[in-house]
Amino acid sequence: MNFRKMYKERLTTAEEAVKLIKSGDNVIFANAVAEPSVLVDAMVANKKNYKDVTISHCVSIGKGEYALPENKEHFNLRCWFAGVSTREAINQGYGDFVPMFLHQIPLNIRKGIIDVDVLMVMVSPPDENGYCSTGVSSDYTMEAARQAKVILVEVNDQMPYVCGDTLIHISEIDKLIETSYQLPEIKCPVIGAVEATIGKHCASLIEDGSTLQIGIGAVPDAVVAQLKDKKNLGIHSEMISSGILDLYKTGAIDGSEKGIDKGKLVGSFIMGNKNLYDFVNHNPDVLLKPADYVNHPMVIAQNTKMVSINACLQVDFLGQVVSDTIGTNQFSGVGGQVDFVRGVAMSLDGLGKAIIAIASTTTLKNGKMISKIVPYIDHGAAVTTSRHDVDYIVTEYGIAEMKGKSLKERARALINIAHPNFRNELTKEYEKRFNI
Ligand code: COA
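None of these values were measured; they are calculated from a predicted model.

1. Comments concerning the overall build of the protein chain
And step 1. The secondary structure content of the protein chain amounts to 15 helices and 24 strands.
And step 2. Radius of gyration (C-alpha) of the protein chain: 22 Å, near the 22 Å computed for a compact globule of 436 residues.
And step 3. Each principal axis of the C-alpha atoms in the protein chain carries an extent, and together these give about 75 × 50 × 35 Å.
And step 4. By sequence separation, contacts in the protein chain at least 24 residues apart represent 70% of the contacts at least 6 residues apart.

Below, the structure is given as structure tokens:
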């Protein structure tokens, strides 16, 4: 059948489309910017007709109304990454968090560990062959599309058409609605003096010809801003951000020395500003692939001089890195941090570096400044990157290399890059802990 005919047959309203969701279904939202907000709103508006619909997603930048306490008999939150709209539900106990490495989400969908009754995703208008692009999200979205019993899509004429594994044919879609709105933009973080200094330290570890993964947060973006004088960099990163585009425009990135996917900006999802969304549209230099490729440590290991740059919330004397919890509270998720730390360690050329870059302190809402380098992680906090995996920790006060260092050596190296206001206190704790 002609795909245009199929398109018309599937075209409906959001209110009608969400009627395909049934009580007890597992509904997966496409990741981050590919979440179809009009369909999600219609689903929440139709809540009286649902009982126990489970909602799963990774990064969510939507309103998250399904996760409000008054909706708990209709929806169960079961997500792999916490965000502004879902933290409260998880931390108050009426929502759930499932720890999972990003590269394993598609694998677990394939294995049936994650059931997909319904996938909800935003896509581009179809091409001349009837294929819509999931645009800014390949990660787990494409595997969910392959396994879903029902696919509901929002065809947004502003969703870019991105090369790689992002295509869903009209025939695979059950219901579609048409929308036209600008994709959510993520503001570029403010890069202050501290972040710029951290960026410079990290830049000193990055050689020309390196392939980079750039994580989420202000500090990884600050690092990118310090790389403008580098040459022949490559990108193999779970997330492609606006910072990467800015660097690309300087000419520092050409992908010419990459071990795999030479010349391509490789990512599994895209999140940034409108310039970035315009840039990736029909751009053959950009390759979006699922997370079980991009984030698989054995794939990461094939890159040349692979450097991963991620942030965290706390590091203890042993080099244990806490990136997704604050005490017992779930703050974010592991995403691809450990995928990349491990892939880098497995680098076939033996030249990989895994950097965890942080400001040495943070200021709490009550105005109190605290050290991110601590003797012991907070009670109830979860280790994201283990002491066995950790490689480089960087703050505005320098670089602490962890691999090969004993516990005492690690603690001393970390105290040296802690904020000076906390070094005496940390040294006393060091002496106590190690019976010095
Ligand atoms: N104790 C208590 N609060 C802390 C804290 C600590 N040790 N460290 C940070 N915070 C607070 C900050 O004060 C800030 O509070 P605010 O929102 O009130 O200002 C908040 O936590 C966020 O801290 P910040 O350092 O600004 O976070 P960020 O936006 O730069 O993100 C991570 C940092 C670690 C949360 C983020 O990188 C992440 O989620 N990482 C895990 C996933 C990952 O690395 N994926 C890989 C690539 S995509």
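2. A look at the packing of aromatic side chains
A ring pair, where both rings are aromatic, is described by two values, the distance of the centres and the angle of the planes.
And step 1. Applying the stated criterion to the full structure yields five aromatic pairs.
And step 2. Ring geometry for Phe29 versus Tyr66: centroids 5.3 Å apart, planes at 90°, classification edge-to-face. Of this pair, Phe29 sits in strand 1 (residues 26–29) while Tyr66 sits in the loop between strand 2 (53–56) and strand 3 (75–79), and the two are 37 residues apart along the sequence.
And step 3. Judged by its relative accessible area of 0%, Phe29 falls in the buried class.
And step 4. Taking the relative accessible area as the measure of exposure, Tyr66 reaches 1% and is therefore buried.
And step 5. Against the face of Tyr293 rests Lys289, its NZ or CZ located 5.0 Å from the ring centre.
And step 6. Its end group placed over the ring of Tyr397, Arg423 keeps NZ or CZ at 5.3 Å from the ring centre.

3. A closer look at helix 14 (residues 407–416)
And step 1. Inspection of helix 14 places Arg410, Ala411, Ala413, Leu414 and Ile415 among the buried residues, and these make up the whole buried set.
And step 2. Buried residues belonging to helix 14 abut strand 15 (314–316), strand 22 (373–374), strand 23 (392–395), strand 24 (398–401) and helix 15 (420–433).

4. Here's the deal with the side chain of Asp339
And step 1. Summarising the element assignment, Asp339 is placed in helix 13 (residues 337–345).
And step 2. No salt bridge is formed by the buried Asp339, whose closest oppositely charged neighbour, Arg342, lies at an N-O distance of 6.8 Å.
And step 3. There is a polar contact of 2.7 Å between the side chain of Asp339 and the side chain of His103.

5. Describing the nonpolar core
And step 1. Core analysis: the biggest nonpolar cluster contains 78 residues, and Trp80, Ile105, Leu119, Ile270 and Ile355 have the highest contact counts within it.
And step 2. For Ile270, the residues in contact, after removing those within four places along its chain, are Val33, Gly135, Val136, Val162, Ile240, Leu276, Tyr277, Val280 and Leu288.
And step 3. Of all hydrophobic cores here, the second largest spans 28 residues; its members include Ile21, Val27, Tyr50 and Phe97.

6. Here's the deal with the site of the ligand
And step 1. As a matter of local geometry, the ligand sits amid 25 residues, with Ile216, Leu313, Ser332, Thr362 and Lys365 nearest to it.
And step 2. Ala218 places a polar main-chain atom, nitrogen or oxygen, 3.5 Å from an oxygen atom of the ligand.
And step 3. For the ligand, whose free accessible area comes to 980 Å², the fraction covered by protein is 77%.
And step 4. When its residues are assigned to classes, the shell around the ligand shows 11 nonpolar, 11 polar and three charged.

7. Quick look at the pattern of salt bridges
And step 1. In total, this model carries 13 salt bridges according to the counting rule given.
And step 2. Salt-bridge contacts for Lys19 lead to Glu16; the nearest nitrogen and oxygen are separated by 2.8 Å.
And step 3. Taking relative accessible area as the criterion, Lys19 reaches 43% and is therefore assigned partly exposed.
And step 4. Each of the salt bridges in this network shares a partner with another, and the network as a whole consists of Arg110, Glu143, Arg146, Asp165 and Asp292.

8. Some thoughts on the side chain of Gln320
And step 1. As for its placement among the helices and strands, Gln320 is situated in the loop between strand 15 and strand 16 (321–322).
And step 2. The class of Gln320 is buried, set by a relative accessible area of 18%.
And step 3. Side chain to side chain, Gln320 and Asp316 meet in a polar contact 2.7 Å long.
And step 4. For Gln320, the contacting residues outside a window of four places in its chain are Gln314, Val315, Ile377, Val383, Thr385 and Arg387.

9. Re the packing of helix 7 (residues 193–205) against helix 8 (residues 218–225)
And step 1. Their axes nearest at 8 Å, the elements helix 7 and helix 8 cross at an angle of 60°. Judged by the angle between their axes, helix 7 and helix 8 are oblique. Crossing geometry of helix 7 relative to helix 8 is assigned as right-handed. The segment helix 7 lies against helix 8, with Glu195, Ile198, Gly199 and Cys202 engaging Val219, Ala222 and Val223.
And step 2. Looking at the contact of helix 7 with helix 8 residue by residue, the classes come out as five nonpolar, one polar and one charged.

10. A few points about the sheet that holds strand 2
And step 1. The parallel open sheet is built from seven strands, whose spatial order is 4-3-2-1-5-7-9. Only two strands of the sheet have a single neighbouring strand rather than two, namely strand 4 (95–97) and strand 9 (175–179). Neighbour to neighbour, the strand axes of the sheet diverge by 20° on average, direction disregarded.
And step 2. Bridge count between strand 3 and strand 4: three bridges; the pairing is parallel. Each residue of the ladder has a partner; that of Leu77, found in strand 4, is Gly95.
And step 3. Helix 3 (residues 37–45) rests against strand 1, strand 2, strand 3, strand 5 (118–123), strand 7 (150–156) and strand 9 of the sheet, and its axis sits at about 125° to strand 7.

11. A few points about the sheet that holds strand 16
And step 1. With respect to topology, three strands assemble into an open sheet ordered 16-15-22, the strand pairing being mixed. Each having just a single partner strand, strand 16 and strand 22 make up the two edges of the open sheet.
And step 2. Pairing geometry for strand 15 and strand 16, over two bridges, is antiparallel. Residue pairing for strand 16: Val315 is matched across the bridge by Val321.

12. A closer look at helix 7
And step 1. Between its first and last C-alpha, helix 7 extends 19 Å over 13 residues, near the 18 Å set by a 1.5 Å rise per residue.
And step 2. The set of residues buried in helix 7 consists of Glu195, Ala196, Ile198, Gly199, Cys202, Ala203 and Leu205. The arc that holds the buried residues of helix 7, viewed along the axis, is 160°, so those residues lie on one side. Looking at helix 7, the residues exposed on the side facing more than 90 degrees away from the buried face are Ala193, Lys200 and Ser204.
And step 3. Those residues of helix 7 that are buried lie in contact with helix 8, strand 19 (353–357), strand 23 and strand 24.

Thresholds applied
- Residues numbered from 1 in each chain as written.
- Predicted model: local features only at pLDDT ≥ 70, side-chain atom pairs only at ≥ 80, totals over all residues.
- Heavy atoms only, no water.
- Helix = DSSP H or I, 4+ residues; strand = E, 2+ residues; numbered from the N terminus.
- Rg over C-alpha atoms; globule rule 2.2 N^0.38 Å.
- Contact = heavy atoms within 4.5 Å.
- Phe/Tyr/Trp six-rings, centres within 6.5 Å; stacked < 30°, edge-to-face > 60°.
- Buried < 20%, exposed > 50% of the residue type's maximum accessible area, 1.4 Å probe, protein only.
- Lys NZ or Arg CZ within 6 Å of the ring centre and 35° of its normal.
- Lys, Arg positive; Asp, Glu negative; His and termini not counted.
- Salt bridge = Lys/Arg side-chain N within 4 Å of Asp/Glu carboxyl O.
- Polar contact = N/O pair within 3.5 Å; in protein donor to acceptor, adjacent residues only side chain to side chain.
- Core = buried A, V, L, I, M, F, W, Y, C linked by side-chain atoms within 4.5 Å.
- Near = heavy atom within 4 Å.
- Areas by Shrake-Rupley, 256 points an atom, 1.4 Å probe, with all protein chains shown as cover.
- Nonpolar A, V, L, I, M, F, W, Y, C, P; charged D, E, K, R; others polar.
- Axes fitted to C-alpha atoms, helices over the stretch in contact; angles between N-to-C directions.
- Parallel < 35°, antiparallel > 145°, perpendicular 65-115°, else oblique.
- Left-handed = near helix turned anticlockwise from the far one by under 90°.
- Pairing = 2+ DSSP bridges.
- Expected span 1.5 Å × (residues − 1).
- Arc of directions from axis to C-beta.

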